[in-house]
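# Observations on the model geometry
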Amino acid sequence: MGFFKFLDSNPQDSTTPLISAVANKFMTTTSAVEHDISFDLTTTRPLSARCHPISSSSPIPLPLEVVLSIIEEATYADGTPDNDLLRRCALVCRAWSFPSQKLLFTSVTLRSQTACNSFRVAVTRSTAKGRILGDTVVRMRAVIDHNQPFGLSESSFAEAVNQCPHLYDLNLSFYGRASPGDDIVGAPDVSRMRRSAPSFNENTLTLLRSGPTISALAFNNWSENANTLTQLLDVWPSLRSLAISGTPPEAPSPFLAPFPGSLEELRMNFQTSPSLEFVNWLLHNSVTSLRAVEFEREPSAQLLHAFTDAHGAELHSLALPSCHLPEHVKAVQSCPQLKELRIENTSVLPKLWRVLPATVEHIALGVDLNTSLQPLVDAVRTSESLGSVTVHPSNGGEKHAVFPVLKMACAYQGVELRVVHDIKTFRTQLRGDPIPTSVFPRTQSLNNIYLMRS
């Protein structure tokens, strides 16, 4: 009976502590019970060849692919990249470092010449690692500020763009130079308030034209030069998404051909509405392609009517700062295929919810104690297409008397109710990533990053 002979052997002669522990455990019985059973578990191999010590100091590591998948999911857990987490992951070990750097380089920010120089060294096309990091970049935010002594130069900006062949989304802020002047208390010098800036030179424009094909541009012009936007649009007729803010662009020359691109998304943020001549020039070839329009500031009634009259039939998403006037309700009615309506202000005419297009899938709005919510509750109960409602409560909006009723109506109808307290999150997350979509609300995700890079 080889098995019992093995137990009767001296544990000190064993080749492994684990076997000794097992033997001691079996030998601690108070009395032996004899059974008429005989079997032999021995093999032809010696004991030392089939028993190996197990070291507790060297655990089996997770496969690197699993670790990287976990990092990716954790980084985009709330829809926006957590760069602090990626920086910590890059310092854990050598195996994690480069993959974490690749995720970090997905979105880069260049605010100074020093930052740009470091970035260009990191993504140099002369090394394999530099080419990989350069190919990873799909988003870039750059600041050209003529007031800063070490600000990013336009030539360095163009060269940095050129080193990122898969760049998809560019956010460019352009600041003019303040003029000297003498202020008097209560009457600032007008000349000092001016912000002049030169146009992009021809070398910069040539470099940009030879670089990647940009699909999404956000241009924030905080200078008095209204021609820079026209220059950039001439460089990238491939644009599908455009966001413009700051100084309202001037009406282009009548001899200038309309913008040849077909925009799918347009967002505007101007203190005074741009001219209709500029809007018609910009959207001349976007009559059938424009799907999403957002006004961050109140548009003039004339501009809003022009938009909905020319593009309302094709719009899927409309974002207004408020909807407290009859012309706002009329604009929504002019969009029979509307799938998303976003209103940041808490003041909404109750009539809006009674004339809401039947195709709406997502509603987003601000809510306070004075918001008329019962008409919205009725719309939730009767709509067959509504799938999601997002609210931004302010000034005690969650204590609204009808807010629990809205929750119950959404739950009963199977409509997702999302409450977003941070106004910045309410704005940015609902905009989603600038890629074509027919599903609302839009999202920010790692999958969208892969689509941008493809």
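Attention here is on the structure that accompanies the text. (Residues numbered from 1 in each chain as written. Predicted model: local features only at pLDDT ≥ 70, side-chain atom pairs only at ≥ 80, totals over all residues. Heavy atoms only, no water.)

Broken down by element type, the protein chain carries 19 helices and 14 strands. The buried share of the protein chain, reckoned over its 454 residues, is 42%. Counting only contacts in the protein chain whose residues sit at least 6 apart along the sequence, the fraction spanning at least 24 positions is 66%. Looking at the protein chain as shown, the accessible area adds up to about 24300 Å², and 55% of this sits on carbon and sulfur atoms. (Helix = DSSP H or I, 4+ residues; strand = E, 2+ residues; numbered from the N terminus. Buried < 20%, exposed > 50% of the residue type's maximum accessible area, 1.4 Å probe, protein only. Contact = heavy atoms within 4.5 Å. Areas by Shrake-Rupley, 256 points an atom, 1.4 Å probe, with all protein chains shown as cover.)

The subject of this paragraph is the pairing of strand β12 (residues 362-367). Of all 6 residues making up β12, 6 are buried, and the element is well covered by its neighbours. Neither face of β12 is left uncovered, since the one carrying His362, Ala364 and Gly366 and the one carrying Ile363, Leu365 and Val367 both have all their residues buried. Of the strand pairs in this sheet, strand β11 (residues 340-343) and β12 are connected by 4 bridges, and their pairing is parallel. Each bridged residue has a counterpart across the sheet, and for Arg342 the counterpart in β12 is Ala364. Once you follow β12 into helix α16 (residues 374-382) and on to strand β13 (residues 388-393), the crossover reads as right-handed. (Pairing = 2+ DSSP bridges. Right-handed = clockwise from strand over helix to strand, strands pointing away.)

Moving on, we get to the pairing of β13. Put simply, side chains in a regular strand alternate between the two faces of the sheet. Counting buried residues along β13, 6 of its 6 residues qualify, which places the element largely inside the surrounding structure. With 6 bridges joining them, β12 and β13 adopt parallel strand pairing. Counterpart to Leu365 in the pairing with β13 is Val391. Note that β13 and strand β14 (residues 416-419) share 4 bridges and pair parallel. Bridging from a neighbouring strand, Val389 pairs with Leu417 of β14.

The next point concerns the pattern of salt bridges. Applying the stated rule across the entire model yields 16 salt bridges. A salt bridge links Glu159 to Arg120; the nearest nitrogen and oxygen atoms lie 2.6 Å apart. Residue Glu159 is found in helix α9 (residues 154-162), and its partner Arg120 is found in helix α7 (residues 113-122); the two are separated by 39 residues along the sequence. Taking the shortest distance from any N to any O, the salt bridge between Arg291 and Glu314 comes out at 3.9 Å. Remark: Glu314 occurs in the loop between α13 (301-311) and β10 (317-320) and Arg291 occurs in the loop between α12 (276-282) and β9 (292-295); sequence separation between them is 23 residues. Overall, the relative accessible area of 26% leaves Glu314 in the partly exposed class. Linked by salt bridges that have partners in common, Arg267, Glu294, Glu296, Glu340, Arg342 and Arg431 make up one network. (Salt bridge = Lys/Arg side-chain N within 4 Å of Asp/Glu carboxyl O.)

Attention now moves to the side chain of His146. On the secondary structure map, His146 appears in the loop between β2 (139-145) and α9. A relative accessible area of 17% places His146 in the buried class. There is a polar contact of 3.0 Å between the side chain of His146 and the backbone oxygen of Tyr175. Residue contacts for His146: discarding those within four places in its chain leaves Phe174, Tyr175, Gly176, Arg177, Ala197 and Pro198. (Polar contact = N/O pair within 3.5 Å; in protein donor to acceptor, adjacent residues only side chain to side chain.)

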